[in-house]
Amino acid sequence: TARATVPVLCYHQLRNWASGDSAYNKSVLICPPANLARQLDGIKDAGYTTFSLKHLRTGAELPPKPVILSFDDGKDSQPLVAGHELAKRGM
């Protein structure tokens, strides 16, 4: 069977940078909410469609230009910030 290539974007921390954050953390691990909003706008404007991994279990066809957004580390900011921004865009 053919396999689809689906980009997966992983977000670790959604918060503004703090003075004690290292350059590595700022460039790799921490995404300020304003940056997340711009990135989500870019994903949507480029025609990508988010979907749930539950979708894969059903065997349903993938949406056009599928993308998976992953939020890990269980930080409080993720459901508050990401949930709001995703809902605003119908993602």
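Residues numbered from 1 in each chain as written. Predicted model: local features only at pLDDT ≥ 70, side-chain atom pairs only at ≥ 80, totals over all residues. Heavy atoms only, no water.

Q: An account of the overall build of the protein chain is requested, with residue identities and associated values reported.
A: A count of helices and strands for the protein chain gives four helices and five strands. The N-to-C order of helical and strand elements in the protein chain reads β-β-α-β-α-β-α-β-α. Based on the C-alpha atoms only, the size of the protein chain along its principal axes is roughly 50 × 25 × 25 Å. A total of 91 residues make up the protein chain; the buried ones form 26% of that total. Across the protein chain, every contact between residues at least 6 apart in sequence was considered, and the portion connecting residues at least 24 apart equals 53%. Summed over all atoms, the accessible surface of the protein chain reaches about 6100 Å², with 55% contributed by carbon and sulfur. Taken as two groups, the 11 positive and 8 negative side-chain charges of the protein chain have centres that lie 2 Å from each other. (Helix = DSSP H or I, 4+ residues; strand = E, 2+ residues; numbered from the N terminus. Buried < 20%, exposed > 50% of the residue type's maximum accessible area, 1.4 Å probe, protein only. Contact = heavy atoms within 4.5 Å. Areas by Shrake-Rupley, 256 points an atom, 1.4 Å probe, with all protein chains shown as cover. Lys, Arg positive; Asp, Glu negative; His and termini not counted. Charge placed at Lys NZ, Arg CZ, Asp CG, Glu CD.)

Q: Could you give an account of the side chain of Asp21, naming the residues involved and the relevant values?
A: Its location among the elements puts Asp21 in the loop between strand 2 (13-14) and helix 1 (23-29). Reaching out from Asp21, the side chain makes a polar contact with the backbone nitrogen of Ala18 at a distance of 2.5 Å. For Asp21, the residues in contact, after removing those within four places along its chain, are Arg15, Asn16, Lys26 and Ile30. (Polar contact = N/O pair within 3.5 Å; in protein donor to acceptor, adjacent residues only side chain to side chain.)

Q: Got a sec to walk through the pattern of salt bridges? Specific residues and values, please.
A: Taken as a whole and judged by the stated rule, the model has four salt bridges. As a salt-bridge pair, Arg15 and Asp21 come within 3.0 Å of each other at their nearest N and O atoms. The class for Arg15 is partly exposed, based on a relative accessible area of 28%. (Salt bridge = Lys/Arg side-chain N within 4 Å of Asp/Glu carboxyl O.)

Q: Account for the pairing of strand 5 (residues 66-71), with residues named and values stated.
A: Note: strand 1 (residues 8-11) against strand 5, four bridges, orientation parallel. When the bridges of strand 5 are listed, Cys10 appears paired with Ser70. Here strand 4 (residues 49-50) runs beside strand 5; their pairing, made up of two bridges, is parallel. Considered in strand 5, the bridge of Thr50 is made with Val67. Traced from strand 4 through helix 3 (residues 53-58) to strand 5, the parallel crossover comes out right-handed. (Pairing = 2+ DSSP bridges. Right-handed = clockwise from strand over helix to strand, strands pointing away.)

Q: An account of the environment of Pro7 is requested, with residue identities and associated values reported.
A: Here Pro7 shows up in the segment before strand 1. For Pro7 and Asp73, which are 66 residues apart along the polypeptide, the C-alpha to C-alpha distance reads 20 Å. Residues contacting Pro7, with those up to four places away along its chain left out, are Tyr48, Pro66, Val67 and Ile68.

Q: Could you give an account of helix 4 (residues 77-88), with specific residues and numbers?
A: Across its 12 residues, helix 4 extends 16 Å between first and last C-alpha, which sits within 8% of the 16 Å expected from 1.5 Å per residue. Taken residue by residue, helix 4 has Ser77, Gln78, Val81, Ala82, Glu85 and Leu86 as its buried positions. Buried residues in helix 4, looked at end-on, bunch into an arc of 115°, giving them a common side. Facing away from the buried surface of helix 4 by more than 90 degrees, the exposed residues are Pro79, Leu80, Ala87 and Lys88. Looking at the packing, one finds that the buried side of helix 4 touches strand 1, strand 2, helix 2 (33-45) and strand 5. Of the residues trailing helix 4, Gly90 is marked for its positive phi of about 65°. (Expected span 1.5 Å × (residues − 1). Arc of directions from axis to C-beta.)

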